[in-house]
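Each chain, written out:
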Amino acid sequence: MVMTPAWRKDYESWGAKASAEHRVYRPSSISDLRACLPSANNLSMLPFGNGRSYGDLPLNPGGALIDCRDLDRLIAFDPATGDLTCEAGVTLAEIMAVMSRPARDGSAWMLPVTPGTRFVTVGGCIANDVHGKNHHSTGTFGRHVKSLTLMRGDGEFVTCSPTDNSDLFAATVGGLGLTGVIVRATLSLQRALGSALEIEHETFDEIAGFLRLSSDASAWDYTAAWIDCAAPRRLIGRGIFSRGRHVAGSSAAPPPRDVSLSIPVTPPASLVTQASVRAFNALYARKLGPRGRRREVGSYRAFLYPLDAIGHWNRLYGPAGFRQFQCVVPQGSEDVIEIILREISASGQGSMLAVLKVFGDLPSPGLLSFPMPGLTLALDFPNRGAPTLALLSRLEQRVVRAGGRIYPAKDSCMTPATFAAGYPAASIFRRWIDPRMSSAFARRVGLVTNSEARP
Ligand SMILES: Cc1cc2nc3c(=O)[nH]c(=O)nc-3n(C[C@H](O)[C@H](O)[C@H](O)COP(=O)(O)OP(=O)(O)OC[C@H]3O[C@@H](n4cnc5c(N)ncnc54)[C@H](O)[C@@H]3O)c2cc1C
């Protein structure tokens with residue numbers, strides 16, 4: 001590792017295309033990591049995972065980034081308990097490639113929680129306390145972290161868990177990289193009957209239908225729905241509900257660590273237009289045919305990571321990129337989701353893959369964890385500048401009025417007031433922010449004040 005690296009402009013997050021200058025450190029050992037501290041000297045610092053957060057969360061313009069991707073060793077696995085210890089830069093793809101190989105009886109070790117892409121690091125998953133399609137049964141990623149080791153900005157290494165240094169643990173899980181650099185963690189993997197899934201898809205015509213299907217799905221490991229956000233007014237609320245569960249006696253090959261098909265360059269203009277979104281959504285709504293139902297046994301890879309099939313799919317949005325929006329509103333505010341969908345449909349700005357899911361009531365361990373019991377909606381918007389920001393601001397107001405919150409991993413524009421309303425534990429969290437850490441997101445929402453941010 002070069003100890004005083006040059007400034008670089010090529011670090012970006014998944015959605016927004018704004019390039020920012022960083023001094024980037026890429027340690028591959030603990031001693032490299034320690035050496036970053038005196039070298040970064042007067043700069044604020046931020047750990048960087050694999051840049052799969054959509055907005056400004058993994059960026060720290062004008063400061064240092066500690067790119068953790070070379071801290072990528074699997075350290076120990078205990079087959080009696082399923083406990084896996086690894087460095088924080090290991091990706092979920094790497095864990096699955098090794099651990100999900102079927103045993104002789106067909107059973108397989110699975111990650112207890114995985115987001116919709118496997119190209120994320122363990123550190124990034126802890127720092128956003130990510131959730132998956134099985135939130136109703138397993139809660140968030142942080143619930144399955146037995147312990148973690150953190151390097152604080154003064155060079156001290158602290159190990160914490162739900163029982164030791166538990167306050168620091170609660171601040172670091174969902175702590176957005178602001179409590180220090182997670183160096184390693186021990187995760188509890190889960191033994192599944194098999195790595196293949198029995199999958200069912202079923203159409204619904206309104207949000208009430210989606211809720212009925214969700215509450216009938218308690219015997220299923222994974223649930224989520226695609227929702228047609230380009231539907232004409234009278235069809236708003238229609239979608240396809242999908243549920244999946246591990247089945248015995250069949251297994252799926254572990255997913256590769258990388259993708260084979262990729263969008264090689266960013267096209268000069270977005271390929272995601274109003275017309276293509278409408279056409280895609282109309283076609284997708286009919287994909288199950290007149291019976292409106294389909295059953296299959298398939299790979300967990302296609303079900304859990306549909307977007308991973310195409311590398312750099314974010315380039316389809318062209319040089320202006322796109323903005324993601326994910327909110328959660330408390331149980332009983334289904335009407336708000338309907339209003340939000342109407343607003344999106346009327347704006348003509350929605351995307352192809354809008355996802356609706358019920359969050360269960362298993363408590364999240366982090367002070368700033370996003371999930372709460374209720375309904376979560378996620379979708380992208382091609383970045384058209386002011387009209388897109390105006391729409392996002394209207395949606396944000398709806399969420400705040402309903403007592404909900406917006407997901408930092410997906411956000412690029414929520415106001416400090418919206419953040420404060422959604423995350424009341426932020427006042428406690430602030431005590432644990434490491435004075436050397438900062439990020440564009442933390443400065444924007446007022447977690448770190450401008451005077452604290454360096455340079
Ligand atoms: C296609 C797609 C689907 C997704 N689906 C979901 C989903 O279903 N559920 C969900 O919850 N999220 C989802 N996400 C978001 C993604 O899971 C999170 O943004 C995740 O945190 C990204 O991990 P990363 O390793 O890329 O971290 P980055 O995006 O690089 O960083 C994320 C945060 O983690 C911090 N961080 C990274 N490494 C460390 C470390 N070693 N120590 C301390 N802090 C660290 C960074 O400072 C930053 O604050 C999805 C993203 C994509 C692109």
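See the structure above.
Residue positions are counted from 1 within each chain, in the order its sequence is given. Note on the predicted model: pLDDT of at least 70 is required for a residue's local features to be given, and 80 or more for side-chain atom pairs to be given and counted; whole-chain, interface and lining totals, by contrast, use all residues. Where side-chain values are given, they derive from all heavy atoms of the structure, hydrogens and water being excluded.

Draft legend 1. Here's a closer look at the sheet that holds strand β3 (residues 45–48). Here four strands make up an open sheet; going across it, the order is β1-β2-β4-β3 and the pairing mixed. One side of each edge strand has no neighbouring strand; the edge strands of this open sheet are β1 (7–11) and β3. Ignoring strand direction, the axes of neighbouring strands in this sheet form an average angle of 50°. Criterion used throughout: strands pair if DSSP finds at least two bridges between them. Where helices and strands are cited, they refer to DSSP runs of H or I of at least four residues and of E of at least two residues respectively, numbered from the N terminus. Here strand β2 (residues 20–25) runs beside strand β4 (residues 64–67); their pairing, made up of three bridges, is parallel. Bridge pairing links Tyr25 to Ile66 in β4. Every angle, taken between N-to-C directions, lies between 0 and 180 degrees, and every axis is a line fitted to C-alpha atoms, over only the stretch in contact when it is a helix.

Draft legend 2. Structural context of the packing of helix α9 (residues 334–347) against helix α10 (residues 386–401). The geometry of α9 relative to α10 is characterised by a closest axis approach of 10 Å and an angle of 170° between their N-to-C directions. Relative to α10, α9 is oriented roughly antiparallel. When α9 is examined against α10, the residues Val336, Ile339, Ile340, Glu343, Ile344 and Ser347 are found in contact with a partner set consisting of Leu391, Arg394, Leu395, Arg398 and Val399. In this classification, the charged set is Asp, Glu, Lys and Arg, the nonpolar set is Ala, Val, Leu, Ile, Met, Phe, Trp, Tyr, Cys and Pro, and all remaining amino acids, among them Gly, are polar. When its residues are assigned to classes, the contact of α9 with α10 shows seven nonpolar, one polar and three charged. Orientation is classified from the angle alone, with under 35 degrees giving roughly parallel, over 145 giving roughly antiparallel, 65 to 115 giving roughly perpendicular, and any other angle giving oblique. Two residues form a contact once any of their heavy atoms are found within 4.5 Å.

Draft legend 3. Region of interest: the site of the ligand. In this text, near means that some heavy atom of the residue lies within 4 Å of the molecule or strand in question. Near the ligand lie 35 residues; those nearest to it are Pro47, Ser53, Thr121, His131 and Tyr407. Contacts described as polar in this section are N or O atom pairs within 3.5 Å, which, within protein, must combine one atom able to donate a hydrogen with one able to accept it, while residues neighboring in sequence count only if both atoms come from side chains. Separating an oxygen atom of the ligand from a backbone N or O atom of Pro47 is a distance of 2.6 Å. Contact distances for the ligand include 2.9 Å between an oxygen atom and a backbone N or O atom of Leu176. Out of a free accessible area of 970 Å², the ligand has 96% covered by protein chains. Class assignment of the residues belonging to the shell around the ligand gives a composition of 20 nonpolar, 13 polar and two charged. To be clear on the numbers: accessible area is Shrake-Rupley with a 1.4 Å probe, and residue cover counts the displayed protein chains and nothing else.

Draft legend 4. Fine view of empty space enclosed by the protein. Put simply, the grid is 1 Å and covers the protein atoms alone, a cavity is a trapped set of points that fit a 1.4 Å probe, a pocket is an open set with protein on both sides within 12 Å along at least five of seven lines, and lining residues have an atom within 4 Å of a point. Grid points are joined across faces, edges and corners, and a volume is the space filled by probe spheres set on the points. Scanning the entire structure with this criterion turns up two cavities of 30 Å³ or more. Space inside the largest cavity adds up to approximately 60 Å³. Together, Gln324, Phe325, Leu392, Glu396, Ile406, Asp411, Ser412 and Cys413 line the largest cavity. Within the residue set of the lining of the largest cavity, elements represented by two or more residues are β18 (322–330) and α10. For the lining of the largest cavity, the per-class residue count stands at four nonpolar, two polar and two charged. Taken as a whole, the second largest cavity encloses approximately 30 Å³ of empty space. Contributing to the lining of the second largest cavity are Leu111, Pro112, Phe141, His144 and Leu187. Split into classes, the residues belonging to the lining of the second largest cavity amount to four nonpolar, one polar and no charged.

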